[in-house]
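# Summary of the model geometry
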Amino acid sequence: MKKIYFDHAATTPVDKKVFEAMEPYFSKKYGNPSSIHTFGQETKAVIEDAREKVAEFLNCNPEEIIFTSGGTESDNLAIRGVAFGIQKRLRAKGLELRRIDNKAQSPRLRAQSLHIITSTIEHHAVLHTVEDLEKNFDFETTYLPVDQYGMVKPEDVRKAIKENTILVSVMYANNEVGTIQPISDITDVIAKSKEQRAKSKKQLPLIFHTDAVQATGYLDCDVKKLEVDLLSISAHKIYGPKGVGALYIKKGTPLLPIQTGGGHERKRRAGTENVPGIVGLGKAIELVTKNRVQESIKIKKLRDKLIKGVLEIPDVILTGHPKKRLPNSASFCVKFIEGESMLINLDMKGVACSTGSACTSGSLEPSHVLTAMGISPQTTQGSLRVTLGENNTEKEIDYFLKVLPEIVEKLREMSPIKED
Ligand code: PLP
């Protein structure tokens, strides 16, 4: 049976060109980039070459790029790094920084806690990091709501910003439903807040981070146009290897390293560099730079055909924004059945997709993204995510559109749930 891979938001295969670029750096050119001898110089040079490629793609200076172990670490470094970096600056000035929940405490102290804003539909790499800062480090937090399409309203960002807000983190495109966030509109709001702060001579920085892990392959990630301070990327979502990513850190952004050790990556991320991985990320980014626009047009056509076909099945809703969504992303809720049963049945027919609902201890945990979009827990159970990639064909879409209705019909016959 032919296998069809429709789960590119989970990960992508390593491109042949990427693999070839990486190969020599495992056992032929293995020098430690920190070593002074020629073995080390050779690998140091390729790391800097990869940094230039990433910087070119993001339209920034190579010095503003830090290599990490992937999207999760980039998000952690961005959020924890800024939170603790600003905390350190204030502490140096002798300011009290604890969050004061007790209303009886003096408002003067309460105003000095530090506030972080994020959205309810972030990847857990962001969401759990912000939650951790709230629970264990006394930061104050706001989780922005989203509309029915999973979109954050810039106006809600404006309303949420307070005089003690130091960081806003909103993802560029969502991994479950593909919705693209209005990043430039949000950064406009932030720029206005910064202007007001400057007028009132408030010196607290206001930093904006975006998780662009899913966006990198398809959207313009020019950091100057987007006006972001921090941007996270991950190689394995763009036909690069797993376990490597990067963080753009705008020059001057206060950031404390979260990993201590040697002085690697300009003292911002200790640890011997993953040379083959970084070379792979550089090559993958180079290919995105070359192919992004054309690839997006091609894949969108296939995706639109798939969406149209799936929506012909009764009682299926499209989740995420109908237009402002990643060109490779299609996501649905198929009513009256469970996503996991659908996945298993699709897998038996050779098709790999994913569902937003995670099975924990025997029960289906509704997806936090779909829940935030106002979809009922029962409907979220039947979520189905189809994310296409550059090797998918129209024939594969046709096959999927043949087998899916049969599976849905079979599962619905067996399902005890017959109505909303
Ligand atoms: N952010 C988003 C939006 C993602 O989709 C993912 C991975 O699925 C991550 C962060 C984490 O990236 P990584 O798997 O490289 O740690």
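Check the entry above for the structure.
Residues numbered from 1 in each chain as written. Predicted model: local features only at pLDDT ≥ 70, side-chain atom pairs only at ≥ 80, totals over all residues. Heavy atoms only, no water.

## Quick look at the nonpolar core
Counting residues in each nonpolar core, the largest one holds 91 residues, and the members touching the most others are Phe6, Leu58, Leu281, Leu306, Leu384, Val386 and Phe400. Looking at which element gives the most residues to this core, the answer is helix 11 (residues 275-310), with 13 residues. What Leu281 contacts, discounting residues up to four positions off in sequence, is Val54, Phe67, Ile233, Ala235, Ile238, Pro241, Val244, Gly245 and Ala246. Counting residues in each nonpolar core, the second largest holds 23 residues, with Ala83, Ile116, Val130 and Leu255 among its members. (Core = buried A, V, L, I, M, F, W, Y, C linked by side-chain atoms within 4.5 Å. Buried < 20%, exposed > 50% of the residue type's maximum accessible area, 1.4 Å probe, protein only. Helix = DSSP H or I, 4+ residues; strand = E, 2+ residues; numbered from the N terminus. Contact = heavy atoms within 4.5 Å.)

## So, helix 4 (residues 71-92)
In a regular helix each residue adds 1.5 Å, so 22 residues correspond to 32 Å; helix 4 covers 31 Å between its end C-alpha atoms and thus fits that length. Of all 22 residues that make up helix 4, 17 are buried, and the element is covered over most of its length. Gly94 occupies a position one or two residues after helix 4 and carries a positive phi of about 80°. (Expected span 1.5 Å × (residues − 1).)

## Notes on the sheet that holds strand 14 (residues 383-387)
If you trace the 3 strands from one edge of the open sheet to the other, you get 9-10-14, paired in antiparallel fashion. The outermost strands of the open sheet, each flanked by one partner alone, are strand 9 (316-318) and strand 14. Strand-to-strand twist in this sheet, taken as the mean axis angle between neighbours without regard to direction, amounts to 25°. Pairing analysis gives 5 bridges linking strand 10 (residues 329-334) to strand 14, with the strands arranged antiparallel. Paired with Cys333 across the strands is Ser383, a residue of strand 14. Running over the sheet, helix 11 touches strand 9, strand 10 and strand 14 and is turned about 10° from strand 10. (Pairing = 2+ DSSP bridges. Axes fitted to C-alpha atoms, helices over the stretch in contact; angles between N-to-C directions.)

## Examining the site of the ligand
Near the ligand lie 13 residues; those nearest to it are Thr72, Asp211, Gln214, Ser234 and Lys237. If one sorts the elements of the shell around the ligand by residue count, helix 4 sits on top with 3 residues. Counted by class, the shell around the ligand contains 2 nonpolar, 8 polar and 3 charged residues. (Near = heavy atom within 4 Å. Nonpolar A, V, L, I, M, F, W, Y, C, P; charged D, E, K, R; others polar.)

## Thoughts on the packing of helix 11 against helix 15 (residues 394-414)
Where helix 11 contacts helix 15, the axes come no closer than 10 Å and their chain directions differ by 15°. Between helix 11 and helix 15, the interaxial angle falls into the category roughly parallel. As for the relative orientation of helix 11 and helix 15, their crossing is right-handed in sense. Touching Leu302, Lys305, Leu306, Gly309 and Val310 of helix 11 are Glu394, Ile397, Asp398, Phe400, Leu401 and Leu404, all from helix 15. Classifying every residue of the contact of helix 11 with helix 15 by side-chain character gives 7 nonpolar, 1 polar and 3 charged. (Parallel < 35°, antiparallel > 145°, perpendicular 65-115°, else oblique. Left-handed = near helix turned anticlockwise from the far one by under 90°.)

## With respect to the sheet that holds strand 3 (residues 115-119)
Spatially, 2-8-7-6-5-3-4 is the arrangement adopted by the 7 strands of the open sheet, whose pairing is mixed. Every interior strand has two partners, whereas the edge strands, strand 2 (65-68) and strand 4 (140-144), have only one. Recorded for the sheet is a direction-independent mean angle of 20° between the axes of neighbouring strands. Sheet strands in contact with helix 4 are strand 2, strand 3, strand 5 (165-169), strand 6 (207-211), strand 7 (230-234) and strand 8 (245-249), and its direction is about 160° off that of strand 7. Lying on the sheet, helix 8 (residues 183-199) is in contact with strand 5 and strand 6; it crosses strand 6 at an angle near 165°.

## A closer look at helix 12 (residues 339-348)
Those residues of helix 12 not exposed but buried are Gly339, Met342, Leu343, Asn345 and Leu346. Down the axis of helix 12, the buried side of the element spans an arc of 170°, and every buried residue falls inside it. Across helix 12 from its buried face, at more than 90 degrees, point the exposed residues Ile344 and Met348. In this structure, the buried residues of helix 12 make contact with strand 10, strand 11 (351-352), strand 14 and helix 15. Note on helix 12: the residue one or two positions beyond its end, Gly350, has a positive phi of about 90°. (Arc of directions from axis to C-beta.)

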